[in-house]
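Survey of secondary and tertiary structure
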Amino acid sequence: MAKKKSATSKKPKTPSKKVSFTLSKQQKILLGSFLFLLGLALVFSFISYFFTWQADHSLVGDITDRELVTKNWLNKFGTNVGHFFIYNGFGISSFIPAVLITLTGIYYFFDYPKKQLLKFWFWGILVMLWISVLFGFFTSKNSLLSGIFGYEINDLMQDYLGLLGAILVMTFLLIAYAVMRLKVTPEKIATALKRTKKDIASDFSSEGVANASEDIAIDSETGTSISSKKPSEEIKPTTEATAKPLDLSEKKVENNPLEKIVLKSEIEGDLDMEVEQAVEEETVSENLSDKLVKDYGEFDPRLELSNYKFPTIELLRDHTSGGGITINQEELEENKNRIVDTLSNYKIGIASIKATVGPTVTLYEIVPEAGIRISKIKNLEDDIALSLSALGIRIIAPIPGRGTIGIEVPNKNPKTVSMRSVIASPKFQNAEMELPLALGKTISNETFVVDLAKMPHLLMAGATGQGKSVGLNAILTSLIYKRHPAEVKFVLVDPKKVELTLFNKIERHFLAKLPDTEEAIITDTTKVVHTLNSLCIEMDNRYDLLKDAMVRNIKEYNTKFKARKLNPNEGHHFLPYIVLVVDEFADLIMTAGKEVETPIARLAQLARAIGIHLIIATQRPSVNVITGIIKANFPARIAFRVTSKIDSRTILDGSGADQLIGRGDMLYTQGNDLIRLQCAFVDTPEVADITEYIGSQKAYPEAHQLPEYVGEEGGTNLDINIDERDNKFREAAEVLVIAQQGSASLLQRKLKLGYNRAGRIIDQLEAAGIVGQFEGSKARQVLVPTIEALNQLLDNENNT
Ligand SMILES: Nc1ncnc2c1ncn2[C@@H]1O[C@H](COP(=O)(O)OP(=O)(O)OP(=O)(O)O)[C@@H](O)[C@H]1O
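Residues numbered from 1 in each chain as written. Predicted model: local features only at pLDDT ≥ 70, side-chain atom pairs only at ≥ 80, totals over all residues.

Looking at an unreviewed UniProt entry, one finds the chain named S-DNA-T family DNA segregation ATPase FtsK/SpoIIIE and attributed to Ulvibacter antarcticus. Recorded in UniProt under Subcellular location (unreviewed entry), the annotation for the chain is "Cell membrane". Here the chain is described in UniProt, under the heading Sequence similarities (unreviewed entry), as follows: "Belongs to the FtsK/SpoIIIE/SftA family." (UniProt positions renumbered as here; feature names shortened; annotations may be inferred.)

See below:
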């Protein structure tokens, strides 16, 4: 919110500007208490008014005289509101709005969903009007029961419809209320009547039992079953004959939709017949999720940190000294002439030339005369560079889709693109993307925004000092500016230990880490391996959840979860996106090799659907660092300036990155075209300010917990010794006993455990006799039926 406001405040014409009336928590509490007390004041005034109105009647309206004292408990206020609502208004039913105001106060104070409240108001007002008119009907002149409204409306009705017409209208309104509000139907009335009948019958049943036993006693003498009552009374739903059928038939109505009727034969000695009459099953018009959404609203993942304020644009600085891009006519003219001259030296004629000035480079687009071979121009790259005496000339021949040849020439006075300008751009602010990244500006000075969720992973390379770390900071800043802490979590790997430390301040907002680790930012290789494997476990768990929910990706899953269609008791929860950022990947590959490469490749191949995205940066884009398998799964690449053509080829599958000019000049590709961008610049103090701003706000109790990963050294031996049991043993036992399902994946989900640990606990549970043996693909049987039995079993164990 805050972010949007500040972004749009600069450009008031932005179409996305919205006016929102949402109240903050404090405002709701204030409003709630005010309404609650106001409602109470009205109730007290009204009660008192009934006793004091005659005495105070002559003082009504005299509110200017401060000395005046009325008898009402709330003095002049009470007398006047009482007169207004009860005498002049709706009579005794004025209590209804007073109570409704009190109720509204309670709803606001506790911030309950307001849908129900609206209903109360709607029906409350209607009932108030009806009661007022009803009393008007019974009173011959204006009274405190009906108020002027009730009396007058009733009078009006009778003038037009007569007494009978008024009665009919009032009856119709009563029926309408009963049908629409109380959902009364003829069937319901019939059932209710039947019940009452039965209740009366059962009241008399004790007598009936006495009589019946008398009858039977007499019958037993004759040996036949004869009732002392008239036959006509017997063919009806009755259990009068004996006490037993009465109990039985009553139970049946409750537990099963069959109602028993005993048909007694009139013919002596003939068999009695039981007739079972099916009772209509009740139907439900809305399913559980609709009802939950109706009662509580959609699930809001941001609720826990509902007061979280997005960082403001003011935290970012404007680095463009001297304003935006300035066009230097002289420079343009000079460069144009040199290009034309150089080309004409090689007998290449130009039909037309056009220049687009970007922040750091200017693109000259030429259309050669007919009959010129494009490769000829391409080969002149070095000659043109020499004649322009500039580095970083890049020739794009031809520019895809334009039918021209592009020559990119660096500007003499390059402009820095501030992060502030890209974040404030409407393109970023209005981006309807899951994970929007504002990378910088294109050569035509447009803000370039891409969705990380679509990439789905990003590979970044560049020689030292060319802007990689700034690029990573720009990416993280974009995500922080656009996403709430509940929606995205970062896993930061920083072997250099200095680049990402600032993000430590937002650990409890935005970072994810392994359980029982101190630092959220990972700097040590073993921890990296554990974290990557833990992410693989998280990936597997998420796939299980998706499978359970029968959806294909995280977006659908979260939509379904928000609509309350997934049960949190079955392990479902809102899934935040997880972005893994690895700075200095080469370092990791050198020290851990395959141990790092395998989980990275696995994540890169599979994690896109479940919302885990990787951003990997490296200084040395050599083939032993960016291996084929990694490259194949990272279609989106960013290349800052690299030192050799070979490096450029490794990262971009072509040359170009070696011709960049550094300082954030970069090439971006998502599989096909190369786009030249000037990376947005965000300085360390700005990142410090942003993280400080977020870090000082209320946070989650701890960083987001990744599933635990126990390395191979952990082992999976069966632990029979009670003392060596896992400390989550009891909790796990309870989970399985409640679910009555002995599955390790249930433990993984519910207790956020790693695969190995959950497996070990299952072994321990088996040893303790709580779950049965391994049964292949089926879940193990749970041998303990209830929590009480489990407690007893474990307590007995401890005592022996
Ligand atoms: N987008 C940019 N705009 C302007 N200047 C930039 C930009 N990116 C980087 N620079 C300049 O280049 C310097 C080095 O950038 P950065 O620290 O990002 O390099 P690096 O590639 O991460 O280097 P290393 O790999 O050694 O950490 C910055 O201090 C800054 O002055």
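Right, let's get into unusual backbone geometry. In terms of backbone geometry, most residues other than glycine have negative phi values and most peptide bonds are trans. Here the bond from Met455 into Pro456 is cis, since omega is -5°, no more than 30 degrees from zero. Positive phi values are uncommon outside glycine, yet Arg564 reaches one of about 60°. Assignment of secondary structure puts Arg564 in the loop between α18 (554–562) and β12 (577–582). At Lys752, a position not held by glycine, the phi torsion is positive, near 55°. Looking at where Lys752 falls in the secondary structure, it is placed in the loop between α25 (744–751) and α26 (755–767). Residue classification places Lys752 among the partly exposed positions, given that 19 C-beta atoms sit within 10 Å. (Helix = DSSP H or I, 4+ residues; strand = E, 2+ residues; numbered from the N terminus. Buried ≥ 20, exposed ≤ 12 C-beta atoms within 10 Å, placed from the backbone.)

This brings us to the UniProt feature "binding site: ATP" (unreviewed entry) in the chain. Under the local residue numbering, the UniProt record ascribes the feature "binding site: ATP" (unreviewed entry) to Gly462, Ala463, Thr464, Gly465, Gln466, Gly467, Lys468 and Ser469. On the secondary structure map, Gly465 appears in the loop between β9 (458–461) and α15 (468–482). The class for Gly467 is buried, based on 24 C-beta atoms found within 10 Å. What Gly467 contacts, discounting residues up to four positions off in sequence, is Gly462, Phe640, Arg663, Gly664, Met666 and Cys679. (Contact = placed C-beta atoms within 7 Å.)

Attention now goes to the site of the ligand. As a matter of local geometry, the ligand sits amid 14 residues, with Thr464, Gly467, Lys468, Ser469 and Gly664 nearest to it. No other element matches the three residues that α15 contributes to the shell around the ligand. Broken down by class, the residue content of the shell around the ligand amounts to three nonpolar, nine polar and two charged. (Near = placed C-beta within 6 Å. Nonpolar A, V, L, I, M, F, W, Y, C, P; charged D, E, K, R; others polar.)

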